[in-house]
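Single-letter residue listing:
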Amino acid sequence: DAGITQSPRHKVTETGTPVTLRCHQTENHRYMYWYRQDPGHGLRLIHYSYGVKDTDKGEVSDGYSVSRSKTEDFLLTLESATSSQTSVYFCAISSGTGRSYGYTFGSGTRLTVV
Amino acid sequence: RKEVEQDPGPFNVPEGATVAFNCTYSNSASQSFFWYRQDCRKEPKLLMSVYSSGNEDGRFTAQLNRASQYISLLIRDSKLSDSATYLCVVNGLTGGGNKLTFGTGTQLKVEL
């Protein structure tokens, strides 16, 4: 399995504060992704990266920014947390080609904004 | 219309039963298809890819109908350990990058 870890695993924060979530991978994968998962919506793409300093928006990027200064780290920042950003956040890497292509997810970060 | 649609369930089946899940997708340009499994409060994990010719992995069979934009997953001889949420996933390559679009999932509960 690809080494992918997320931190923190759980966080409670107050409305209006900035929050940064970290995704770390150990296998030099080029593509990394941030998703959020909410009941009734499934997994929705926030931002993704296709290399160091190369990032792009997903379908629900408002209120979020990302940075990738090193291949192994992809950071997600909630610039000013709101209650609507209470969610489970998953980082993923893509690996393999053709029939072996797939995503590997981190264990997730449960974020509560109060 | 959602890009990937699934019946949320839950499907409650007895152990040993055969159960089938269906999924439809809206983007006819989608090129890759997958089923992921997600256990409660865990991350999604790849169950199997779905090929045009259909493919089987043990008790699991996946099929794709491109003309109808429809994907299916069949589970035979259900086990208690199959209880999970099954996510239908497509890769449409929309906007560049290998981005996957996930359905909201179908919940399966296998009972004694």
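For the structure, see preceding data.
From a predicted model like this one, the values you see are computed outputs, not experimental measurements.

**What to know about the overall build of chain A**
Assigned secondary structure in chain A consists of 0 helices and 11 strands. Listing the helices and strands of chain A from first to last along the sequence gives β-β-β-β-β-β-β-β-β-β-β. For a compact globule of 114 residues, the expected C-alpha radius of gyration is about 13 Å, and chain A comes in at 13 Å, within 12% of that figure. Referenced to the eigenvectors of the C-alpha coordinate spread, the extents of chain A come out at roughly 40 × 30 × 25 Å. The proportion of buried residues among the 114 residues of chain A is 48%. Sequence-distant contacts, at least 24 apart, represent 54% of the contacts inside chain A between residues at least 6 apart. Only carbon and sulfur atoms are counted for the fraction: they give 46% of the accessible area of chain A, which is about 5400 Å². Separation of charge centres in chain A, based on 12 positive and 11 negative side chains, amounts to 2 Å.

**Concerning the sheet that holds strand β3 (residues 19-25) of chain A**
Strand pairing within a sheet occurs via backbone hydrogen bonds; the two strands may be parallel or antiparallel. Residue and element names in this part refer to chain A. An order of β1-β3-β8-β7 is seen for the 4 strands of this open sheet, with the pairing classed as antiparallel. The sheet terminates laterally at β1 (4-7) and β7 (64-70), the two strands that pair on one side only. Here the average twist between neighbouring strands, direction ignored, is 20 degrees.

**As for the interface of chain A and chain B**
A common way to express how large an interface is: the accessible area buried when the components associate. In this assembly, 19 residues from chain A lie in contact with 22 residues from chain B. In this structure, the connection of chain A to chain B is made through 0 salt bridges. Linking chain A to chain B there are 5 residue pairs in polar contact (both at pLDDT 80 or more). In terms of residue count, strand β5 (residues 42-51) of chain A provides more of the side of chain A that touches chain B than any other element does, 4 residues in total. Within the side of chain A that touches chain B, the residues separate by chemical class into 10 nonpolar, 7 polar and 2 charged.

**Considerations on the state of the cysteines**
Residues and elements named next belong to chain A. Under the definition given, this model contains 2 disulfides over all chains. With a sulfur-sulfur separation of 1.9 Å, C23 is cross-linked through a disulfide to C91. An S-S torsion of about -75 degrees defines the bridge between C23 and C91 as left-handed. Taken as a pair, C23 in strand β3 and C91 in strand β9 (residues 87-95) lie far apart in primary sequence, 68 residues in all.

**Remarks on the layout of surface pockets**
In this structure, the largest pocket encloses a volume near 570 Å³. Residue lining of the largest pocket: 22 residues in total, with Q37 of chain A together with Q38, C40, R41 and T85 of chain B positioned closest to the centre. At the level of secondary structure, the elements contributing two or more residues to the lining of the largest pocket comprise β4 (32-38) and β9 of chain A together with β9 (84-91) and β11 (106-111) of chain B. In terms of residues, the lining of the largest pocket owes the most to one element, β11 of chain B, which gives 3 residues. Partitioned by chemical class, the residues of the lining of the largest pocket number 7 nonpolar, 9 polar and 6 charged.

**Points about the environment of A62 of chain B**
All names here are of chain B. Mapped onto the secondary structure, A62 falls in strand β7 (residues 60-65). Separated by 42 residues in sequence, A62 and A20 place their C-alpha atoms 9.6 Å apart. When near neighbours in sequence (up to four residues on either side) are disregarded, A62 contacts W35, M48, S49, V50, G54, N55 and S72.

The rules we used
- Residues numbered from 1 in each chain as written.
- Chains lettered and ligands numbered in written order.
- Predicted model: local features only at pLDDT ≥ 70, side-chain atom pairs only at ≥ 80, totals over all residues.
- Heavy atoms only, no water.
- Helix = DSSP H or I, 4+ residues; strand = E, 2+ residues; numbered from the N terminus.
- Rg over C-alpha atoms; globule rule 2.2 N^0.38 Å.
- Buried < 20%, exposed > 50% of the residue type's maximum accessible area, 1.4 Å probe, protein only.
- Contact = heavy atoms within 4.5 Å.
- Areas by Shrake-Rupley, 256 points an atom, 1.4 Å probe, with all protein chains shown as cover.
- Lys, Arg positive; Asp, Glu negative; His and termini not counted.
- Charge placed at Lys NZ, Arg CZ, Asp CG, Glu CD.
- Pairing = 2+ DSSP bridges.
- Axes fitted to C-alpha atoms, helices over the stretch in contact; angles between N-to-C directions.
- Salt bridge = Lys/Arg side-chain N within 4 Å of Asp/Glu carboxyl O.
- Polar contact = N/O pair within 3.5 Å; in protein donor to acceptor, adjacent residues only side chain to side chain.
- Nonpolar A, V, L, I, M, F, W, Y, C, P; charged D, E, K, R; others polar.
- Disulfide = S-S within 2.5 Å.
- 1 Å grid on protein atoms, 1.4 Å probe; cavity = no way out; pocket = protein on both sides within 12 Å on 5 of 7 lines; lining within 4 Å.
- Points joined across faces, edges and corners; volume = space filled by probe spheres on them.

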